[in-house]
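Structural features, examined
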Amino acid sequence: MQSNSEEIIALPLNFKTHANFNLENYKDLQASFQQDYLGTWAKLAQEELFWHKDFSQTLDDSDKPFYKWFLDGETNISYNCLDIHLNDRGEKAALIFEDEAGESEILSYKVLHARVCEFTVYLKNLGVKKGDRICIYMSLCPEAIIAMHACTRIGAIHSVVFAGFAAHAMKDRIDELSAKILITQNGFYRRGKIVDLLEVATEAISKNSPVEDLLIFKRVKEPLSLQSSLKIQIHDLDRELKDLANLNLSTHEVLEQTPEWLSGNDTSFILYTSGSTGKPKGIEHNTAGYLLWAKLTSKWVFDLKDEDVYWCTADIGWITGHSYVAYGPLANGATVFIYEGAPNFPEADRYWALIEKYKINIFYTAPTAIRSFQAWGLEHIEKHDLSSLRLLGSVGEPIGTETWKWFYENIGKSKCPIVDTWWQTETGGIMLSTLPGVNYMIPGTAGPALPGISAEINPEGLLHLSKPWPSMLKGVYKNPDRYIKGYWTKIPDSYLPGDLADISVEGYIKIGGRNDDVINVSGHRLGTAEIETALAKHQTINESAVIAIPHAIKGEGIVAFVVLKQGLMNVTDSQQSHGSTEERERILKEHVANEIGAHAKPERIIICEALPKTRSGKVMRRLLKDIAQDRLPEGDLSTLEDKDVVAKLLAVSKLKQ
Ligand code: WT7
């Protein structure tokens, strides 16, 4: 246990008095959860969600750890995000969108609802039914959010694949999901250049794919560049949605697309995330519990008010873009700003220009982005009026005290509380955070568990959640074993996220990083085994070991030690013909980017003769971490099979500095 010797930052008075959630609410709710845990969840679910049919049981725990929340209740996510606002907020902006070129679009709740309904009709006409899996490979744009909502409206399970993923990674996901439909777009602009999503999408489905229909939104003016060899139905949505409008379906018929009423426990979406094996896992989320927590945490943690313009910079390809862009804020009737481009295009002040232009009030981003802003310099910030900001948020990795303070002082001008939100793809919503009307802040420390969440730390320093909560994952798609073994076995009856943490006397939790082979590059989770599996597919590679080292901007950077196949090259050759080794390294970096995506590209590839292994054949990763950081390996090396390997590794690593 640490003492609270760290600096404490008090909340601004106006938050304490005007926040959606104040100390009194907090105390009442904590007491209520203590008295009647499930009853309190039931009450919140009744108050917050529209139920087509009431649930009679809050939690079915008869088949632990396959907890089922609100199983016999009937509701719909899209209905709760859109339809319920039509009377009071029909004309209010639901989405404000700006693309990189500066074109903008505002969609009121009424318009967003109409476009979702129209796309729902379209998908139904294609034969889409409840339970079908639909893959979405799109940039952060209104059409992507419309596609997600249309799926949840029908009860089709969407699986968004981040638009930075490579064709192979997408194919693996599509195949496991047996997705019959892939929704994509003909590209988008990133740093002024077109990212050709269609090319990657068509490659992903070019061989033995379950995909039968490829749906393409037109997002860039250039004509569609399609491979004609695809033996599937290709749909130009620009044309077909117009045709649909011409079908003379009355507006009434389209708008009255009553949603499919789903069980509270029906799967709403599957999102893949990295684990400690080579294969990403499909995290499956429920319907009612997920939305309940996305809605409540948006309201409590971000203190969302009707007049706010809220901006979360996360992409829809990650869980943050689901819970805190596409669903939670809309369930609260908020105005959500979305931006499609790069933060430093055309200049490094783009975000600040957007905050000034749209008078953004709440700004939620990631430490890696904050470190970039820090590196780009204060002059870009000082050019703009950021006085509209009233709350800042951070997510994805430990923010660290210095970055926290920089964010607080330079972006929040020392008057905006920061919520450092800890959670995961699996938890569905925020688990640990201060609340801006309740808890003081400690820079670099996430904060206490939110009301209803039971966070504990075991003697080994492992964070765990000792009670089921509504937005918890339902399971790992097609892999119940992985769900049980990965999350529920080490600490009985407790969910194990895989993070190390420290807790202070007042229940403030400071996250120390992962306790497994999952690394965090720019807030993106990657498994070392996943990168090793990608490397193993390259014809020149015999074996590899991937580790992470600290990186000033990305948080962690990837270093891969690789042993080439015999006869291809030995290290002495490489020392003589330096150029060819560099070429090999470049090729291998590209190879990883082609297999997984650019975000997985190693910072360094170190070609070596052999990996340091123990006598039982396990790679000694801590030794590789030392070597990659140019440190003499510390600790016990007596279990190493070949002691000479250390000197050899140091020699090749030094050579590459
Ligand atoms: C892992 C989850 C949560 C959405 C984005 C990432 C790390 C996340 C924090 C934070 C320290 C954090 C953890 C966690 N993490 N937020 N505020 N402080 N670490 O979702 O890809 O599922 O990754 O990100 O290690 O386990 P994800």
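None of the values given here were measured: they were computed from a predicted structure. (Residues numbered from 1 in each chain as written. Predicted model: local features only at pLDDT ≥ 70, side-chain atom pairs only at ≥ 80, totals over all residues. Heavy atoms only, no water.)

Further remarks concern the domain arrangement of the protein. Here the protein is partitioned into domain 1 (13–503) and domain 2 (519–656). Between the C-alpha centres of domain 1 and domain 2 the distance comes to 34 Å. Along the contact surface separating domain 1 from domain 2 lie one salt bridge. We note a salt bridge from Glu426 to Arg525, for which the minimum N-O separation is 2.7 Å. For the side of domain 1 that touches domain 2, the secondary-structure elements that each account for two or more residues are helix 8 (167–177) and helix 15 (367–376). Of all the elements, helix 15 adds the most residues to the side of domain 1 that touches domain 2, at four residues. Here the side of domain 1 that touches domain 2 is built from residues that sort into eight nonpolar, 13 polar and four charged. (Domains from an automatic or database assignment. Salt bridge = Lys/Arg side-chain N within 4 Å of Asp/Glu carboxyl O. Helix = DSSP H or I, 4+ residues; strand = E, 2+ residues; numbered from the N terminus. Nonpolar A, V, L, I, M, F, W, Y, C, P; charged D, E, K, R; others polar.)

Right, let's talk about the pairing of strand 29 (residues 555–564) for a bit. Along a regular strand, successive side chains alternate from one face of the sheet to the other. Burial analysis of strand 29 places eight of its 10 residues in the buried class, the great majority of the element. As judged from the 10 bridges shared by strand 28 (residues 541–551) and strand 29, these two strands associate in the antiparallel manner. Across the sheet, the residue bridging to Ile547 is Val559, located in strand 29. Where strand 28 folds back on strand 29, the antiparallel hairpin that results is connected by three residues. Relative to strand 30 (residues 604–607), strand 29 runs parallel, the two sharing four bridges. Note on strand 30: the bridge partner recorded for Ala560 is Ile605. (Buried < 20%, exposed > 50% of the residue type's maximum accessible area, 1.4 Å probe, protein only. Pairing = 2+ DSSP bridges.)

The next thing to look at is the sheet that holds strand 5 (residues 104–108). Ordered by their spatial adjacency, seven strands build an open sheet running 5-4-17-16-18-19-20, and the pairing between neighbours is mixed. In this open sheet, the two strands that pair with only one neighbour each are strand 5 and strand 20 (418–421). Pairs of neighbouring strands in the sheet enclose a mean axial angle of 20 degrees, with direction left out of account. Seen against the sheet, helix 13 (residues 319–331) touches strand 4 (93–98), strand 16 (309–312), strand 17 (335–339), strand 18 (362–365) and strand 19 (391–395) and runs at an angle of roughly 165 degrees to strand 16. Along the sheet face, helix 15 touches strand 18 and strand 19 and points at about 100 degrees away from the line of strand 18. (Axes fitted to C-alpha atoms, helices over the stretch in contact; angles between N-to-C directions. Contact = heavy atoms within 4.5 Å.)

Attention shifts here to the packing of aromatic side chains. With the rule as written, the count across this model stands at 49 aromatic pairs. Pairing Phe162 with Phe165 gives two aromatic rings, centres 6.2 Å apart and planes at 85 degrees, and the pair type is edge-to-face. Accessibility expressed as a relative area gives 16% for Phe162, which makes it buried. With a centroid separation of 4.7 Å and 35 degrees between ring planes, the pair formed by Phe162 and Trp318 is classed as tilted. Highlighted residues: Phe162 in the loop between strand 7 (157–160) and helix 8 and Trp318 in the loop between strand 16 and helix 13, separated in sequence by 156 residues. Trp318 carries the same exposure label as Phe162, and that label is buried. Three or more aromatic residues link up through ring pairs in this structure, and these residues are Phe21, Tyr26, Phe33, Tyr37, Trp41, Trp51, Phe55, Trp69, Phe70, Trp293 and Trp300. (Phe/Tyr/Trp six-rings, centres within 6.5 Å; stacked < 30°, edge-to-face > 60°.)

Not every one of the 17 residues close to the ligand is listed here, only the nearest: Thr421, Thr425, Asp499, Arg514 and Arg525. In this structure, a nitrogen atom belonging to the ligand sits 3.4 Å away from a main-chain N or O atom of Glu397. In the environment of the ligand, a nitrogen atom lies 2.8 Å from a nitrogen or oxygen atom belonging to the backbone of Thr421. In isolation the ligand has 550 Å² of accessible area, and contact with the protein removes 95% of it. Sorting the residues of the shell around the ligand by element identifies helix 13, strand 20 and strand 25 (509–514) as the ones contributing at least two each. (Near = heavy atom within 4 Å. Polar contact = N/O pair within 3.5 Å; in protein donor to acceptor, adjacent residues only side chain to side chain. Areas by Shrake-Rupley, 256 points an atom, 1.4 Å probe, with all protein chains shown as cover.)

With that out of the way, let us pick up the pattern of salt bridges. Counted according to the given criterion, the structure contains 39 salt bridges. Note that Arg514 is salt-bridged to Asp516, the shortest N-O span being 2.6 Å. Among the residues examined, Asp516 registers a relative accessible area of 29% and is labelled partly exposed. Through salt bridges with shared partners, a single ionic network connects Glu105, Arg115, Glu143, Arg219 and Glu340.

With that settled, the discussion passes to empty space enclosed by the protein. Empty pockets left among the atoms are what a rolling probe the size of a water molecule brings to light. Taken as a whole and assessed by the stated rule, the structure comprises one cavity of 30 Å³ or more. Of the volumes computed, that of the largest cavity is approximately 30 Å³. Taken together, Val160, Val161, Phe162, Phe165, Arg173, Leu271, Tyr272, Gly317 and Trp318 form the lining of the largest cavity. Class assignment of the residues belonging to the lining of the largest cavity gives a composition of seven nonpolar, one polar and one charged. (1 Å grid on protein atoms, 1.4 Å probe; cavity = no way out; pocket = protein on both sides within 12 Å on 5 of 7 lines; lining within 4 Å. Points joined across faces, edges and corners; volume = space filled by probe spheres on them.)

For the rest of this paragraph, the subject is the side chain of Thr434. By secondary structure assignment, the location of Thr434 is in the loop between strand 20 and strand 21 (455–457). Since its relative accessible area comes to 3%, Thr434 is described here as buried. Residue contacts for Thr434: discarding those within four places in its chain leaves Val301, Ile418, Val419, Asn439, Tyr440, Met441, Ala446, Gly447, Pro448 and Tyr508.

The end-to-end C-alpha distance of helix 6 (residues 109–125) is 24 Å, a good match for the 24 Å that 17 residues give at a rise of 1.5 Å each. Of the residues making up helix 6, those classed as buried are Tyr109, Leu112, His113, Val116, Cys117, Phe119, Thr120, Val121, Tyr122 and Leu123. After helix 6 finishes, the residue Gly127 shows a positive phi value of roughly 100 degrees. (Expected span 1.5 Å × (residues − 1).)

To continue, consider unusual backbone geometry. With the exception of glycine, most residues fall at negative phi, and the peptide bonds are largely trans. Looking along the chain, the bond that leaves Lys64 and enters Pro65 is cis, with omega of -5 degrees. Tracing the chain through its elements places Pro65 in the loop between strand 1 (59–60) and strand 2 (68–69). Within the chain, Ser178 stands out as a residue other than glycine whose phi angle is a positive 45 degrees. Not every positive phi belongs to a glycine, and Asp303 is a case in point at roughly 50 degrees. On the secondary structure map, Asp303 appears in the loop between helix 12 (288–301) and strand 16.

Moving on: the environment of Asp308. Mapped onto the elements of the fold, Asp308 is located in the loop between helix 12 and strand 16. Residue Asp308 is classed as buried on the basis of its relative accessible area of 4%. Along the primary structure Asp308 and Asn361 are separated by 53 residues, whereas in three dimensions their C-alpha atoms are 5.8 Å apart. Dropping the residues within four chain positions of it, Asp308 is found in contact with Asp303, Thr335, Asn361, Ile362 and Arg390. In terms of polar contacts, Asp308 uses its side chain to reach the backbone amide nitrogen of Lys305, at 2.7 Å.

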